[in-house]
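Structure assessment
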Amino acid sequence: MNFLSSFFDTQQFAPHGQCLLWQSNLLILYTVSDAAIALELGCAGVLMNTAIAGAQDPIAMAESMKLAVRAGRLAHLAGRIPRKMYANASSPVEGMVGR
């Protein structure tokens, strides 16, 4: 019976949402990092509003911003080319002027 009661005891588990890998001396870095991300997101909204509100045609500017976001997402989904340790030409040299 003691085994079953210890098996269902939840006191040995960490509370939900608690990260056990945090180090107390680094906690300020996590907090500053979260604050910087919040500021960055807020600034993006302010800049977007400034561009749209200041445009001669705000509807067209908002539509262009929407298309830019969609284009960025589509580019992300398309995937990047693989990284290489060295550079090489991706275009053929045949047919170039002077060759």
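A few points about the overall build of the chain
Scanning the chain for helices and strands turns up three helices and zero strands. Secondary structure elements of the chain occur, N-terminal to C-terminal, as α-α-α. When burial is assessed residue by residue, the chain has 1% of its 99 residues classed as buried. Accessible area of the chain: about 9600 Å², with a carbon and sulfur share of 65%.

Quick notes on helix H3 (residues 58-78)
The first and last C-alpha atoms of H3 sit 30 Å apart over 21 residues, in line with the 30 Å expected at 1.5 Å per residue. Positioned one or two residues after H3, glycine 79 has a phi angle of 90°, which is positive.

Notes on the confidence of the model for the chain
On average, the chain scores 78 in pLDDT, and the residues at 70 or more come to 68%. Between the elements of the chain, mean pLDDT differs from a low of 62, seen in helix H1 (residues 2-7), to a high of 93, seen in H3.

Rules behind the numbers
- Residues numbered from 1 in each chain as written.
- Predicted model: local features only at pLDDT ≥ 70, side-chain atom pairs only at ≥ 80, totals over all residues.
- Heavy atoms only, no water.
- Helix = DSSP H or I, 4+ residues; strand = E, 2+ residues; numbered from the N terminus.
- Buried < 20%, exposed > 50% of the residue type's maximum accessible area, 1.4 Å probe, protein only.
- Areas by Shrake-Rupley, 256 points an atom, 1.4 Å probe, with all protein chains shown as cover.
- Expected span 1.5 Å × (residues − 1).
- pLDDT = per-residue confidence, 0-100.

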